[in-house]
Amino acid sequence: MFRLIRKSEPAPVKPDLILDLSGPRLRKALENLIESAEPTGGVERYVGALALKASLFEEILGKGRVGDMEEAEFLDLASFITPVRRRIGPWLAANRFETLRQRIAALLDGWSDLTTTGARLAAFTGAFPEDREHRWVRDLGAEILHFIAPDRYPLMTRWVWDRGVGTGVLREIWFADDVDTARIDAADDYATFATLSGELEDFLKDNGFFRDLPFYSDLLMAHVYAGYINDRGGQYLRSDFTTSGDPMAHTRRMLGLDAVNTETGRTRLKLIDGTAHVLGEPRQVAQMEPS
């Protein structure tokens, strides 16, 4: 077990917040990730794909461009967020896109002030109904924040940690003899995610990784949760992640890197009429998924 607190935080976190992570579980996951990624180009290729994803988000939303975002551009982004691309079609069919654009603009207003992260994300999610059909909203807001500024915002999606149901990556790497019965008293707020990000980056540095640490952390977390889906995921999870013999298939899906058919440009985002959204302009991200 190791107990680390992120040093030199760029934003205020709880100084007494400690996450009990399992070093052996993390090392096993990292070793498995490196081995699993090797046949499809190695972990560096996946990290490069995440960097391209971030460049797409920055291109469309960065530097105040969110106000000019068109619906087709948003659909390009949504294609790379797995929970969103599967469920947002009905909402878009029933609501004006301008409403969504305004809510995203409010989420990003004052984005450089990390002390308002929790309030802005809560306002964004609170603007939608709080029910099962809108759980994708939290993931949309979390991925937008993370991928426009990976060095500032940790990945705060539900699959990383969802206190309400007690599931996520945090549980899978928790230090406990039996993680299934462990009580994890950690809020799913900015402080927890920032602390988790810092501990994972320290772990990666200890294992020889020093560049692109936010993306290596994303990849490691996705691989951890992919292992959960493979080993213990029930029917609800498997409905989103079809069985595959590729050890990196679920890892790619967690991060949205399987979004585009590189031959046709069709994405996995289904519109209300059942057709697949086609990626708008030719972009490098169309070549993101390792094959």
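Residues numbered from 1 in each chain as written. Predicted model: local features only at pLDDT ≥ 70, side-chain atom pairs only at ≥ 80, totals over all residues. Heavy atoms only, no water.

**Quick look at the packing of aromatic side chains**
Evaluated as defined, the whole model comprises eight aromatic pairs. Ring geometry for Phe128 and Trp136: centres 5.7 Å apart, planes at 70°, overall edge-to-face. Here Phe128 and Trp136 have matching classes, each one buried. Against the face of Phe128 rests Arg103, its NZ or CZ located 4.6 Å from the ring centre. (Phe/Tyr/Trp six-rings, centres within 6.5 Å; stacked < 30°, edge-to-face > 60°. Buried < 20%, exposed > 50% of the residue type's maximum accessible area, 1.4 Å probe, protein only. Lys NZ or Arg CZ within 6 Å of the ring centre and 35° of its normal.)

**Quick word on helix H1 (residues 23-37)**
Here H1 contains 15 residues, and its C-alpha end-to-end distance of 21 Å stays within 8% of the 21 Å for a straight helix at 1.5 Å per residue. Among all positions in H1, only Gly23, Leu26, Ala29, Leu30, Leu33, Ser36 and Ala37 are buried. For H1, the angular spread of buried residues about the axis comes to 165°, placing them on one side. Exposed and facing more than 90 degrees away from the buried side of H1 are Lys28, Glu31 and Glu35. You can read the cap of H1 off the contacts: a side-chain oxygen lies 3.2 Å from the backbone nitrogen of Arg25, and it is on Ser22. (Helix = DSSP H or I, 4+ residues; strand = E, 2+ residues; numbered from the N terminus. Expected span 1.5 Å × (residues − 1). Arc of directions from axis to C-beta. Polar contact = N/O pair within 3.5 Å; in protein donor to acceptor, adjacent residues only side chain to side chain.)

**Section: empty space enclosed by the protein**
This model, assessed by the stated rule, comprises two cavities of 30 Å³ or more. Here the largest cavity defines a volume of roughly 70 Å³. Lining the largest cavity, in full, are His146, Pro154, Leu155, Val160, Phe193, Leu196, Ser197, Leu200, Pro214, Ser217, Asp218 and Met221. Elements supplying a minimum of two residues to the lining of the largest cavity: helix H9 (190-206) and helix H10 (213-232). Taken together, the residues of the lining of the largest cavity sort by class into eight nonpolar, three polar and one charged. (1 Å grid on protein atoms, 1.4 Å probe; cavity = no way out; pocket = protein on both sides within 12 Å on 5 of 7 lines; lining within 4 Å. Points joined across faces, edges and corners; volume = space filled by probe spheres on them. Nonpolar A, V, L, I, M, F, W, Y, C, P; charged D, E, K, R; others polar.)

**Let's talk about the packing of helix H4 (residues 82-94) against helix H5 (residues 97-108)**
Look at H4 against H5: their axes get within 8 Å of each other, and the N-to-C directions meet at 115°. In this structure, H4 contributes Ile88, Trp91 and Leu92 to the contact, and H5 contributes Thr99, Leu100 and Arg103. Its residues placed into classes, the contact of H4 with H5 shows four nonpolar, one polar and one charged. (Axes fitted to C-alpha atoms, helices over the stretch in contact; angles between N-to-C directions. Contact = heavy atoms within 4.5 Å.)

**Description of the nonpolar core**
Counting 86 residues, the largest nonpolar core has Leu61, Phe74, Leu100, Ile104 and Trp159 as the members making the most contacts within it. Apart from residues lying up to four places away in sequence, Trp159 is in contact with Gly168, Val169, Asp218, Met221, Ala222, Tyr225, Met254 and Leu255. (Core = buried A, V, L, I, M, F, W, Y, C linked by side-chain atoms within 4.5 Å.)

**Brief notes about the pattern of salt bridges**
Tallied over the entire structure, the rule returns nine salt bridges. Its salt-bridge partner being Arg101, residue Glu98 comes within 2.1 Å of it at the nearest N-O pair. Of the two residues, Glu98 and Arg101 both sit in helix H5, three residues apart, roughly one turn of that helix. Looking at Glu98, the relative accessible area reads 22%, which means it is partly exposed. With a shortest N-O distance of 2.6 Å, Arg252 and Asp246 are connected by a salt bridge. When salt bridges that share partners are traced, they join Arg85, Arg253 and Asp258 into one network. (Salt bridge = Lys/Arg side-chain N within 4 Å of Asp/Glu carboxyl O.)

**Let's talk about the packing of helix H3 (residues 71-78) against H4**
At their nearest, the axes of H3 and H4 sit 10 Å apart, and the two run at 150° to each other. Classified by the angle between their axes, H3 and H4 sit roughly antiparallel to one another. Across from Glu71, Phe74, Leu75 and Ala78 in H3, the residues of H4 making contact are Val84, Arg85, Ile88 and Leu92. Residue classes in the contact of H3 with H4 are distributed as six nonpolar, no polar and two charged. (Parallel < 35°, antiparallel > 145°, perpendicular 65-115°, else oblique.)

**Regarding unusual backbone geometry**
Positive phi outside glycine occurs at Lys63, with the angle close to 55°. You can see Lys63 is positioned in the loop between helix H2 (43-61) and H3. A positive phi angle, near 50°, is found at Asp212, a position not held by glycine. Structurally, Asp212 can be placed in the loop between H9 and H10.

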